[in-house]
Amino acid sequence: MSNQELAKIFYEIADYLEMEGAAFKPQAHRKAAAMIESLKGDIGAIYQKGGVEVLKEIPGVGEGLAKKIEEYIKTGKIRELARFKKKMPVDLDNIVRVEGMGVKKAKILYEKLGVKNLKDLEKAAKAHKIAPLFGFGEKTEKNILEGIEFLKRDKGRFLLGEILPRAAEIGEKLKKIKGLEKLEACGSIRRRKETAGDIDFLAVSDNPEKVMDFFVNLPDVAKVWGRGKTKTSVRMEEGYDMDIRVVPKKSYGAALQYFTGSKEHNIILRKIAIGKGLKLSEYGLFKGGSASRRMIAGKNEEEIYEKLGLQWIPPELRENQGEIEVSLAGKLPKLIELKDIKGDLHCHSHWGVGNGPEGIENLVKEAIELGYEYIGISDHTKFLAIEHGINEKQLAEQKKEIDKINKRFIVQGLSFKVFQGCEANIMADGSIDISDEALAKLDYVIAGVHSQMKMPKEKMTQRIIKAMENPNVDIISHPTGRILKQRDEYEIDFAKILKAAKETGTILEINANPYRLDLNDKNIKKAKEAGVKMAINADAHHPEQMRFMEYGVFQARRGWAEKKDVINCWPAEKMLNMLK
Ligand code: DGT
Ligand code: CA
Ligand code: CA
């Protein structure tokens, strides 16, 4: 039982209510869900203290919703949802993940064609049963098929945001095995790639047998693919695989290098070794023929790179994207680090839900805890009704609260600052959904595309360029619009976007949400090379999500970014001066 779980139930009920065509109610449930998500205290504890009456004090929660919350706290579920699910046994969670599918479409397809899940949906689309339906058409049918293909393509890969915490958790358990000396999750996880196929543990131990015993008996192991003396592979309940390899201490560095990859990076490294008359493997770096062979490096990774005449290369760069040449020349960049981040400019306080200054205060608290010097509050604006976007008047009211908080910090002698921004919507024609007059009053403005994402390349590119040309727009959020495991980026001409960003002095965001990580590594590198500045933003919709920042930094490192490329590594003054 948790706030998060309850919020999810409310969102699900909202979807079903929307399917039924109910007015207001879906929105009321979503609003309550957003409120519950942003509560600091546990909803169960709040109820225990004051019952239904106190629940009704939560903005957006009336008698009816308070009763539902009570039911959840008492029974762990809400019957209304079970009733909906019985009436319409549709795998909505997955169906609405198909780009272009919404709950209303799901309902029609269930009623007309009996579509219950992704498999049914694909079958119906392939048999061209969807296009003739009222409100669908050829284009929608094609989009649905593309959406399903996308979901399939990424099946079997896991978000770094999901799998890295797992690897850390399991790693902590493994580290308790007696005699285990070193442990590291290698492969794509160590390279901090945005998705990973599996977890590749590497360990040093003088008792591999014991490590393997422990490994196959971990609580969530579903299947053992194979168990050997030095390598074991398992499948976990959650669907991902884990390997573990145990190597002797003297080979640890070589194995770490080998199993970190990428494969392409390793191939070049081995060629360099051969060129020097050496041989590189997961066991070590060796000199001489089989008779006189001796190991010249292997215990640690640094000495392998060193003996090959290279600077040590941070794992995030090991993708054979030019890092080896640059390392040979001794010119690797000093990559940005989490501790360089001085503030977060993209945080949602949900002012529009009506939680007033508390939403801001919670974010501020978290920012101070993270050691930041400032925070930027950037709520959605009015076009995004579904996200409780706020209008000009609400922005002005919010400003008063933010001014109050800043004054309080001055009185307390603290240098922490709260800036007011917003995340405005870029309309189809490139205009902004809120007046220039209101935008001009803010400390900064983020603008992003949140609607009509399927546009021809030229049109989408012009749309974003027009937004950048607005003198009030400082930052473009999630510039390419991809959602990992869900949809590709929009069709845009990124070279043109970069050129316009440079000319207009617009900052491009590296959105740190583990589902977005947008810009991606390649685009970050291009932006850096073009001299376009970036901002790494958590895009937190809840104070805890401010911790996504770490993933944004990983991505920035994968894109070769340094402190100088990222404006929120700079002191507040310098950063503000940089903005338009
Ligand atoms: P993934 O799991 O698909 O996200 O990607 P990786 O990079 O973790 O790949 P994985 O798990 O197949 O292998 C882990 C590392 O082991 C890989 O990054 C490099 C090394 N490796 C695996 N197979 C080969 C190979 O055939 N040749 C070379 N040079 N290295 C390999
Ligand atoms: Ca792997
Ligand atoms: Ca593997």
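Details of the structure are given in the entry above.
These notes cover the structure that comes with them. Counting restarts for each chain: residues are numbered from 1 in the order of the written sequence. Lettering for chains starts from A, numbering for ligands starts from 1, and both go in the order in which the items are written. Local features in this predicted model are restricted to residues whose pLDDT is 70 or higher, and side-chain atom pairs enter the listing and the counts only when it is 80 or higher, whereas totals over whole chains, interfaces and linings include all residues. No hydrogens and no water enter the side-chain calculation; it runs on all heavy atoms of the structure.

**A few points about the overall build of the chain**
Here is the rule: In this text, helices come from DSSP runs of H or I with a minimum length of four residues, and strands from runs of E with a minimum of two, each type numbered from the N-terminal end. Atoms considered for the radius of gyration are the C-alpha atoms alone. The globule rule reads 2.2 Å times the number of residues to the power 0.38. For each residue, the accessible area found with a 1.4 Å probe, counting protein chains only, is set against the maximum for its type, and the residue is called buried under 20%, exposed over 50%, and partly exposed in between. Residue contacts follow a heavy-atom distance rule, with two residues in contact if any of their heavy atoms lie within 4.5 Å. Neither His nor the chain termini are counted; the positive set is Lys and Arg, and the negative set is Asp and Glu. By convention, charge coordinates are those of NZ in Lys, CZ in Arg, CG in Asp, or CD in Glu.
Each helix and strand counted, the chain has 24 helices and 17 strands in total. Here the chain has a C-alpha radius of gyration of 26 Å; the compact-globule value for 580 residues is 25 Å, and the two agree. Across its three principal directions, the C-alpha atoms of the chain cover 80 × 55 × 55 Å. Going through the 580 residues of the chain one by one, you find that 54% of them count as buried. Taking as baseline every contact in the chain between residues at least 6 positions apart, the subset at least 24 positions apart corresponds to 67%. Averaging the locations of the 100 positively and 88 negatively charged side chains of the chain gives two centres separated by 4 Å.

**Some thoughts on the site of ligand 1**
Where we set the bar: Whether a residue is near a molecule or strand depends on its heavy atoms: if one lies within 4 Å, it is near. Side-chain atoms alone can form a polar contact between residues adjacent in sequence; in general such a contact is a pair of N or O atoms within 3.5 Å, and within protein one must be able to donate a hydrogen while the other accepts it. Residues are sorted three ways: Asp, Glu, Lys and Arg are charged, Ala, Val, Leu, Ile, Met, Phe, Trp, Tyr, Cys and Pro are nonpolar, and all the rest, Gly among them, are polar.
The full set close to ligand 1 counts 16 residues, and Arg 157, Ser 188, Arg 191, Gly 197 and Asp 198 are the nearest of them. Here Asp 200 contributes a side-chain N or O atom positioned 3.2 Å from an oxygen atom of ligand 1. Here a nitrogen atom of ligand 1 sits 3.1 Å away from a polar atom, N or O, in the side chain of Arg 270. At the level of elements, helix H11 (187–190), strand S4 (198–205), helix H13 (252–260) and helix H14 (263–275) are the ones that each hand at least two residues to the shell around ligand 1. Split into classes, the residues belonging to the shell around ligand 1 amount to 3 nonpolar, 7 polar and 6 charged.

**Focus: the sheet that holds strand S16 (residues 507–511)**
Inclusion rule: Pairing between strands requires that DSSP locate at least two bridges from one strand to the other. To obtain an axis, a line is fitted to C-alpha atoms, over the contacting stretch when the element is a helix, and the angle between two such axes runs from 0 to 180 degrees between their N-to-C directions.
Sheet architecture is open: 7 strands sit in the order S11-S12-S13-S14-S15-S16-S17, paired in parallel fashion. Looking along the sheet, the strands with just one partner apiece sit at the ends: strand S11 (343–347) and strand S17 (534–537). Here 3 bridges tie S11 to strand S12 (residues 374–380), and the two strands are oriented parallel to one another. Along S12, the bridge assignment pairs Asp 344 with Ile 375. Strand contacts of helix H17 (residues 356–369): S11, S12 and strand S13 (417–425), with the helix running at about 145° to S12, the strand carrying the most contacts.

**Quick look at helix H4 (residues 63–75)**
Put simply, the test is: Here the expected length of a helix is defined as 1.5 Å per residue gap, with one fewer gap than residues.
Counted at 1.5 Å a residue, the expected span for H4 with its 13 residues is 18 Å, and the 18 Å between its end C-alpha atoms agrees. All of the buried residues along H4 are Leu 65, Ala 66, Lys 68, Ile 69, Glu 70, Glu 71, Tyr 72 and Ile 73. Where H4 is buried, its residues touch helix H1 (3–19), helix H2 (25–38), helix H3 (43–55) and helix H5 (79–87).

**As for the coordination of the calcium ion (ligand 3)**
To keep things clear, this is the line we draw: Here the coordinating atoms are restricted to nitrogen, oxygen and sulfur within 2.8 Å of the metal centre, or 3.2 Å for Na, K and Ca, and because water is not among them the sites may look incomplete.
Here the calcium ion (ligand 3) is held by the protein donor atoms Asp 198 (OD), Asp 200 (OD) and Asp 243 (OD), which lie 2.2 to 2.9 Å from it. Donor residues for the calcium ion (ligand 3) sit on one chain with the sequence pattern D-x1-D-x42-D. Between the two metals, the calcium ion (ligand 3) and the calcium ion (ligand 2), the spacing is 3.8 Å, and Asp 198 donates to both. Taken as a pair, Asp 198 in strand S4 and Asp 243 in strand S7 (residues 241–247) lie far apart in primary sequence, 45 residues in all. The exposure class of Asp 243 is buried, given its relative accessible area of 10%.

**Re a positive patch on the surface**
Under the convention used in this document: In this analysis, a patch consists of residues with relative accessible area above 30% that form no salt bridge, clustered at 9 Å for like charges and at 5 Å for the nonpolar side chains Val, Leu, Ile, Met, Phe, Trp and Tyr. Using a 1.4 Å probe, accessible areas were evaluated by the Shrake-Rupley method; residue-level cover was limited to the displayed protein chains. Salt bridges, as used here, are contacts in which a Lys or Arg side-chain nitrogen is within 4 Å of a carboxyl oxygen on Asp or Glu.
A cluster of like positive charges, contributed by Lys 119, Lys 123, Lys 129 and Lys 155, occupies part of the molecular surface. Assignment of secondary structure puts Lys 129 in the loop between helix H8 (118–126) and helix H9 (137–153). Among the residues examined, Lys 129 registers a relative accessible area of 47% and is labelled partly exposed.

**Considering the side chain of Lys 525**
Structurally, the position occupied by Lys 525 is in helix H22 (residues 521–530). Buried charge without a salt bridge: Lys 525, with Glu 529 as the nearest opposite-charge side chain at an N-O distance of 4.3 Å. Once residues within four sequence positions are removed from consideration, Lys 525 is found in contact with Gln 321, Gly 559 and Trp 560.

**Here we look at the sheet that holds strand S9 (residues 284–287)**
Where strands meet in a sheet, backbone hydrogen bonds hold them as pairs that are either parallel or antiparallel. One open sheet accounts for 3 strands, arranged S8-S9-S10; its pairing is antiparallel. The open sheet has two edge strands with one neighbour each: strand S8 (278–281) and strand S10 (294–297). Adjacent strand axes in the sheet meet at a mean angle of 35°, parallel and antiparallel pairs treated alike. Pairing geometry for S9 and S10, over 3 bridges, is antiparallel.

**Digging into helix H7 (residues 103–113)**
Inclusion rule: The directions from the helix axis to the C-beta atoms form the arc being described.
For H7, the full list of buried residues reads Val 103, Ala 106 and Leu 109. Angularly, the buried residues of H7 cover 120° about the axis, an arc narrow enough to put them on a single face. Of the residues in H7, the exposed ones pointing more than 90 degrees away from the buried face are Glu 111 and Lys 112. On its buried side, H7 packs onto H1, helix H6 (92–95) and H8. Downstream of H7 by one or two residues, Gly 114 has phi in the positive range, about 70°.

**Here's the deal with the nonpolar core**
Inclusion rule: We define the nonpolar core as a collection of buried residues of types Ala, Val, Leu, Ile, Met, Phe, Trp, Tyr and Cys that are connected through side-chain atoms lying within 4.5 Å of one another.
Counting residues in hydrophobic clusters, the biggest one holds 76 residues, and the most contacted among them are Ile 336, Ile 375, Val 418, Ile 432 and Ile 536. Residues in contact with Ile 336, not counting those within four places in the same chain, are Ile 341, Ile 536, Val 553, Ala 556, Arg 557, Ala 561, Glu 562, Lys 563, Val 566 and Cys 569. Within the second largest apolar cluster, 48 residues are counted, among which are Leu 39, Ile 58, Ile 69 and Leu 92.

**Details of the layout of surface pockets**
Here the idea is plain: a probe the size of a water molecule rolls over the atoms and shows the empty space left. Under the convention used in this document: The pocket and cavity definitions rest on a 1 Å grid over protein atoms only: a 1.4 Å probe that fits but cannot leave marks a cavity, an open set with protein on both sides within 12 Å along at least five of seven lines marks a pocket, and residues lining either have an atom within 4 Å of a point. Grid points are joined across faces, edges and corners, and a volume is the space filled by probe spheres set on the points.
Put simply, the second largest pocket is a space of about 560 Å³. Considering the residues around the second largest pocket, the lining is formed by 25 residues, among which Glu 194, Arg 482, Asn 520, Asp 521 and Lys 522 are closest to the centre. Sorting the residues of the lining of the second largest pocket by element identifies H9 and H22 as the ones contributing at least two each. Ranked by residue count, the leading element in the lining of the second largest pocket is H22, at 3 residues. Class assignment of the residues belonging to the lining of the second largest pocket gives a composition of 5 nonpolar, 3 polar and 17 charged.

**Side note on the coordination of the calcium ion (ligand 2)**
Summarising the metal site, the calcium ion (ligand 2) is bound by the protein donors Asp 198 (OD) and Asp 200 (OD), whose distances to it range over 2.1 to 2.2 Å. Of the residues examined, Asp 200 reaches a relative accessible area of 10% and is grouped as buried.

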